[in-house]
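Now for the letters of each chain:
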Amino acid sequence: VAPGRVNLIGEHTDYNDGLALPVAIDLRTSVRFEPSRSPTLHLTTAIDDAPARIPVRPVPAPAAIAAFTPAWARMAAAMVMIARPAFGGSARITSTVAPGAGLASSAALCVALALALGVAGDPLAIAELCRLAEAAAGSEVGLMDPLTSMAGRSGAALLIDFGTRAWEPVALPAGAELVVVHSGVARTLAGSGYPARRAECEAATRALGIPLGRAALSDLVSLGDPVLRRRVRHVVTECVRVRTMAAALEAGDLTRAGEAMAESHRSLAEDFEASTPEVDDLVRVLAATPGVHGARLTGGGFGGCVVVLADPGAVDLDRWPGRATRVVPSPGASAGPADRPAPPD
Ligand code: GLA
């Protein structure tokens, strides 16, 4: 069982060796694996009737991954290629993490599959395997989502430094509530502006000679391209805001935490250009709601969800039927009763 996540602040910082403050949530993906002597893994989900058949002896070659459809089967094939499970069998996937919402449904699937297939290791090692699996399936993402899914803590966010790969829990103040509201714009990361933003960040990293998460505002002057300057300004100021928000939460200062979220959204929309008009409208409505401390786009952007920090009950969930959910900071993934799958006798 592996949770999705909502990122409180620190967007597009993970692949830049910067900082983020995500929360593992009570929306989860489960994989129930029944090993057998079959050389194939038969995977089914509650949403797609057709099972995916993924060979385990031999596992799919890298060049064969792209041919698996739909997207979840591609991800599963990539994870099988990396996990090299000893057995085939049947596996059933169930999930409450909506795909395309910016709540890390892919990472939750990868982590749950890895654990179900018997991959063992510390959270960072498993997160790294999941990142490789997502890349092999065509989506170059950072470490934030699988690491949060692995390392989540009940009642707390994780302050992660992707430069040192260290993290620590930051307790959410009692009396604060997290709500996610879907903008109604679904997207896939690979099909969004995400790859283009990564490429821009990589170009800026090459030009500056240091990871953007370690850059300072004074480095901006050496960048000639105004677009790259704005991208870097987002990453640099976002990392400062992560520290501000973590300190505000620790001090129980929800007003300051909310201000950091508002600035983060502005920076993500204007400097990083990763928002949409629908998301901006939703953030505006939510931020103006009495009892709401802060609201911002969460996840990769270009659609998906808004995360809201609010007083309990301040957000009327019925105003967005089927699109608004209260989420609770939750523990990370677990492998369930059996650590390693064994074949039947
Ligand atoms: C997606 C990616 C993450 C991260 C965020 C943006 O969720 O999977 O690695 O880059 O976008 O912060």
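One can find the structure itself at the top, above this paragraph.
Worth saying up front: this structure is predicted, and the values here are computed from it rather than measured.

**Student:** Could you give me a rundown of the site of the ligand, with the residues and numbers involved?
**Tutor:** As a structural note, the neighbourhood of the ligand is formed by 13 residues, with Glu11, His12, Asp14, Asp145 and Tyr194 the closest of them. In this structure, an oxygen atom belonging to the ligand sits 2.8 Å away from a side-chain N or O atom of Glu11. Burial of the ligand by the protein chains amounts to 97% of its free accessible area of 300 Å². Among the residues making up the shell around the ligand, the classes are represented as five nonpolar, four polar and four charged.

**Student:** Any chance you could break down the sheet that holds strand 8 (residues 166-171) for me, citing the residues and the numbers?
**Tutor:** Strand order in the open sheet formed by three strands is 2-7-8, and the pairing between neighbours is antiparallel. A strand with exactly one partner marks an edge of an open sheet, and here the two such strands are strand 2 (19-20) and strand 8. For strand 2 and strand 7 (residues 156-161), the ladder comprises two bridges, and the chain directions are antiparallel. The residue bridging Ala20 from the neighbouring strand is Ile160, located in strand 7.

**Student:** So what's going on with the sheet that holds strand 3 (residues 22-36)? Residues and values would help.
**Tutor:** Strands sit in the order 1-3-6-4-5 across an open sheet of five strands; the sheet is mixed. Two strands bound the open sheet, and with one partner strand each, they are strand 1 (2-7) and strand 5 (52-55). The average angle at which neighbouring strand axes cross in this sheet is 25 degrees, direction not considered. Where strand 3 lies against strand 6 (residues 88-95), eight bridges are found, and the strand directions are antiparallel. Residue pairing across strands places Pro35 opposite Gly89, the latter belonging to strand 6. Helix-sheet contacts for helix 2 (residues 105-116) involve strand 1, strand 3, strand 4 (40-45) and strand 6, and the interaxial angle to strand 3 is about 40 degrees. The strands touched by helix 4 (residues 144-151) are strand 1 and strand 3; relative to strand 1, the strand with the most contacts, the crossing angle is about 120 degrees.

**Student:** Outline the packing of aromatic side chains, listing residues and values.
**Tutor:** For the structure on display, the rule yields one aromatic pair. Centre to centre, the rings of Tyr15 and Tyr194 are 5.7 Å apart; their planes meet at 70 degrees, and the pair counts as edge-to-face. Residue Tyr15 is located in the loop between strand 1 and strand 2, and its partner Tyr194 is located in helix 5 (residues 194-208); the two are separated by 179 residues in the primary sequence. Of the two residues examined, Tyr15 and Tyr194, each falls in the buried class.

**Student:** If you had to explain the environment of Ser38 to someone new, which residues and values would you point to?
**Tutor:** Mapped onto the elements of the fold, Ser38 is located in the loop between strand 3 and strand 4. Residues Ser38 and Phe87 lie 49 residues apart in sequence; the distance between their C-alpha atoms is 6.9 Å. Aside from chain neighbours lying at most four places away, what touches Ser38 is Val56, Arg57, Phe87, Gly88 and Gly89. At 3.0 Å, the side chain of Ser38 and the backbone nitrogen of Thr40 are in polar contact.

**Student:** I'd like a description of the pattern of salt bridges, backed by residues and values.
**Tutor:** Inspection of the entire model under this criterion finds 15 salt bridges. Two residues, Glu34 and Arg32, come together in a salt bridge whose shortest N-O distance is 3.9 Å. You can call Glu34 partly exposed: its relative accessible area is 45%. Here Arg284 makes a salt bridge to Asp281, at a shortest N to O gap of 2.8 Å. Taken together, the residues Arg284 and Asp281, both in helix 8 (residues 277-287) and three residues apart, mark about one turn of the helix. Residues participating in the shared-partner salt-bridge network are Arg197, Glu200, Arg230, Arg231 and Glu273.

**Student:** Describe the packing of helix 3 (residues 123-136) against helix 4, naming the residues involved and giving the relevant values.
**Tutor:** Following both chains from N to C, one finds helix 3 and helix 4 inclined at 140 degrees, their axes separated by 8 Å at the closest point. Considered as vectors, helix 3 and helix 4 are oriented oblique to each other. Crossing angle aside, the handedness with which helix 3 passes helix 4 is right-handed. Where helix 3 abuts helix 4, its residues Pro123, Leu124, Ile126, Ala127 and Cys130 lie against Pro146, Leu147, Met150 and Ala151.

**Student:** Summarise the side chain of Glu200; cite the residues concerned and give the values.
**Tutor:** Here Glu200 lies in helix 5. The exposure class assigned to Glu200 is buried, which follows from its relative accessible area of 19%. Once you skip the residues sitting within four places of it in the chain, Glu200 turns out to touch Val227, Leu228 and Arg231.

**Student:** Tell me about unusual backbone geometry, residues and numbers included.
**Tutor:** Cis geometry marks the peptide bond from Arg57 to Pro58, where omega comes out at -5 degrees. Mapped onto the elements, Pro58 comes out in the loop between strand 5 and helix 1 (71-83). Here the residue pair Thr69 and Pro70 is connected by a cis peptide bond, since its omega of -5 degrees sits within 30 degrees of zero. A positive phi angle, close to 55 degrees, is found at Asp17, a residue other than glycine. The residue Asp17 is located in the loop between strand 1 and strand 2 in this model. On the basis of relative accessible area, Asp17 is assigned to the partly exposed category, the value being 30%. Of note in this structure, Arg84 is not a glycine but carries a positive phi near 45 degrees.

**Student:** So, helix 2: which residues are in play, and what are the values?
**Tutor:** The end-to-end C-alpha distance of helix 2 is 16 Å, a good match for the 16 Å that twelve residues give at a rise of 1.5 Å each. Across the twelve residues of helix 2, eleven count as buried, placing the element largely inside the fold. For helix 2, the set of buried residues is Ser105, Ala107, Ala108, Leu109, Cys110, Val111, Ala112, Leu113, Ala114, Leu115 and Ala116.

Rules behind the numbers
Residues numbered from 1 in each chain as written. Predicted model: local features only at pLDDT ≥ 70, side-chain atom pairs only at ≥ 80, totals over all residues. Heavy atoms only, no water. Near = heavy atom within 4 Å. Polar contact = N/O pair within 3.5 Å; in protein donor to acceptor, adjacent residues only side chain to side chain. Areas by Shrake-Rupley, 256 points an atom, 1.4 Å probe, with all protein chains shown as cover. Nonpolar A, V, L, I, M, F, W, Y, C, P; charged D, E, K, R; others polar. Pairing = 2+ DSSP bridges. Helix = DSSP H or I, 4+ residues; strand = E, 2+ residues; numbered from the N terminus. Axes fitted to C-alpha atoms, helices over the stretch in contact; angles between N-to-C directions. Contact = heavy atoms within 4.5 Å. Phe/Tyr/Trp six-rings, centres within 6.5 Å; stacked < 30°, edge-to-face > 60°. Buried < 20%, exposed > 50% of the residue type's maximum accessible area, 1.4 Å probe, protein only. Salt bridge = Lys/Arg side-chain N within 4 Å of Asp/Glu carboxyl O. Parallel < 35°, antiparallel > 145°, perpendicular 65-115°, else oblique. Left-handed = near helix turned anticlockwise from the far one by under 90°. Expected span 1.5 Å × (residues − 1).

Keep in mind these numbers describe shape, not what the thing actually does.
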